[in-house]
Amino acid sequence: MKKIIASILTVLLLLSLLATSALAASLEQDTAQRINLERAARGIAALEISTVLGGKARVKAQDMAENGYFSHTSPTYGSPFTMMRTLGVSYRSAAENIAMGYTKADTVVAAWMASPSHRESLLSSRYSVLGVGYYDGYWAAWLIR
């Protein structure tokens, strides 16, 4: 009986993890699409949305959540640019937007758009690819060319 209960709990945990991962992926995709809508409203070309880059940005969001910090500089990886290179991201130009405490795509994009430096990154023609990562209330948007 204990083995059956343990097996059921394991299955429930795996289903919970899959649901959490699917929710994060949905939030990330919605956020990236909203960023492109902001660009389109201003006549700026859309960014290519990369789930690969988004997965790596999610590592940044998870690093912040699990290590209890909110900063562009990771105690684990260093600067965002060092982190990108460590994770295998090649770029000529790069930027990072981070946020904490938002649980919906529309609110995190609104917060970034209300901040001049974040807005400038999201609307810049210097970047062509966007990856958004979300983990437990922490966000990272990585933009590269």
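All values derive from a computational prediction rather than experimental measurement.

Definitions and limits used
Residues numbered from 1 in each chain as written. Predicted model: local features only at pLDDT ≥ 70, side-chain atom pairs only at ≥ 80, totals over all residues. Heavy atoms only, no water. Helix = DSSP H or I, 4+ residues; strand = E, 2+ residues; numbered from the N terminus. Buried < 20%, exposed > 50% of the residue type's maximum accessible area, 1.4 Å probe, protein only. Contact = heavy atoms within 4.5 Å. Pairing = 2+ DSSP bridges. Axes fitted to C-alpha atoms, helices over the stretch in contact; angles between N-to-C directions. Salt bridge = Lys/Arg side-chain N within 4 Å of Asp/Glu carboxyl O.

Here we take up the overall build of the protein chain. Across its full length, the protein chain holds five helices and four strands. Listing each helix as α and each strand as β along the protein chain from the N terminus yields α-β-α-α-β-α-α-β-β. Within the protein chain, the proportion of its 145 residues that are buried is 39%. Taking the intrachain contacts of the protein chain between residues at least 6 apart in sequence as the baseline, contacts between residues at least 24 apart amount to 66%.

So, on to the environment of Ile49. By the secondary structure assignment, Ile49 is in strand β1 (residues 48–49). Residue classification places Ile49 among the partly exposed positions, given a relative accessible area of 31%. Ile49 sits 94 residues away from Leu143 along the chain, and the two C-alpha atoms are 9.6 Å apart. Setting aside anything within four residues of it in sequence, one finds Ile49 in contact with Gln29, Ala32, Gln33, Asn36 and Leu130.

The next subject is unusual backbone geometry. A positive phi is found at Asp136, a non-glycine position, where the angle reads about 50°. Counting through the fold element by element, Asp136 comes out in the loop between β3 (129–135) and β4 (138–144).

Before going further, it helps to spend a moment on the sheet that holds strand β2 (residues 94–100). An order of β1-β3-β4-β2 is seen for the four strands of this open sheet, with the pairing classed as mixed. Pairing within the sheet leaves two strands with one partner each, and these edge strands are β1 and β2. One ladder, built from two bridges, connects β1 with β3; its direction is parallel. Bridge pairing links Ile49 to Leu130 in β3. Helix α5 (residues 116–123) contacts β2 and β4 of the sheet and is inclined by roughly 130° relative to β2.

Quick look at the pattern of salt bridges now. Under the counting rule described, the total for this entry stands at five salt bridges. Note that Glu120 is salt-bridged to Arg126, the shortest N-O span being 3.2 Å. For Glu120, a relative accessible area of 39% puts it in the partly exposed group. The exposure class of Arg126 is partly exposed, given its relative accessible area of 41%.

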